[in-house]
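Letter by letter, the chains look like this.
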Amino acid sequence: STMQHHQYFLQFTLYTLALHRYLTVSLPDYDYATHFGGVYYLFLRGMHPEHPGNGVYFHRPEADLIATLTERWSAS
């Protein structure tokens, strides 16, 4: 898939981790499960009114993954 070929999974995981770390220090009572809704990728060339849903990709990285990556980032 395009998501795998272009490593968008890695990209959105890194962006999610960076946003999570930022919100942890800047938003009182921040909680990933409560405040982070997920990631949307919109592939405009794949979108067409006759094919709703084409070109739209959504994913929400698991909270455990973000917590583990945060720990490893903090430990280094």
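Rules and cut-offs
- Residues numbered from 1 in each chain as written.
- Predicted model: local features only at pLDDT ≥ 70, side-chain atom pairs only at ≥ 80, totals over all residues.
- Heavy atoms only, no water.
- Core = buried A, V, L, I, M, F, W, Y, C linked by side-chain atoms within 4.5 Å.
- Buried < 20%, exposed > 50% of the residue type's maximum accessible area, 1.4 Å probe, protein only.
- Helix = DSSP H or I, 4+ residues; strand = E, 2+ residues; numbered from the N terminus.
- Contact = heavy atoms within 4.5 Å.
- Polar contact = N/O pair within 3.5 Å; in protein donor to acceptor, adjacent residues only side chain to side chain.

Caption draft 1: Layout of the nonpolar core. M3, F12, L17, L23, Y30, Y32, F36, V39, Y41 and I66 form the largest nonpolar core, which has 10 residues in total. Breaking this core down by element, the ones donating at least two residues are α2 (8-26) and β1 (39-42). Top contributing element to this core by residue count: α2, with 3 residues. With near-sequence residues (within four places) excluded, V39 lies in contact with F12, T16, Y57, F58 and H59.

Caption draft 2: Region of the structure containing the environment of Q11. Secondary-structure assignment places Q11 in helix α2. Remark: the alpha-carbon pair of Q11 and R45, spanning 34 residues in sequence, is separated by 20 Å. A distance of 2.6 Å separates a polar atom in the side chain of Q11 from a polar atom in the side chain of Y41.

Caption draft 3: Region of interest: the side chain of T70. With respect to the element layout, T70 can be found in helix α4 (residues 63-75). In this structure T70 comes out as buried when scored by relative accessible area, which is 18%. Sequence-distant contacts of T70, that is, excluding residues within four places in its chain, are made with L17, H20 and R21.

Caption draft 4: Examining unusual backbone geometry more closely. Even without being a glycine, Q7 presents a positive backbone phi close to 55 degrees. As for its position among the elements, Q7 is in the loop between α1 (2-5) and α2. Assessed through its relative accessible area of 52%, Q7 is described here as exposed. Its identity as a non-glycine residue notwithstanding, D29 has a phi of 60 degrees, on the positive side. Mapped onto the fold, D29 is located in the loop between α2 and α3 (32-35).

Caption draft 5: Layout of the side chain of T13. Tracing the backbone through its elements, the reader meets T13 in helix α2. By relative accessible area, T13 is classed as buried at 15%.

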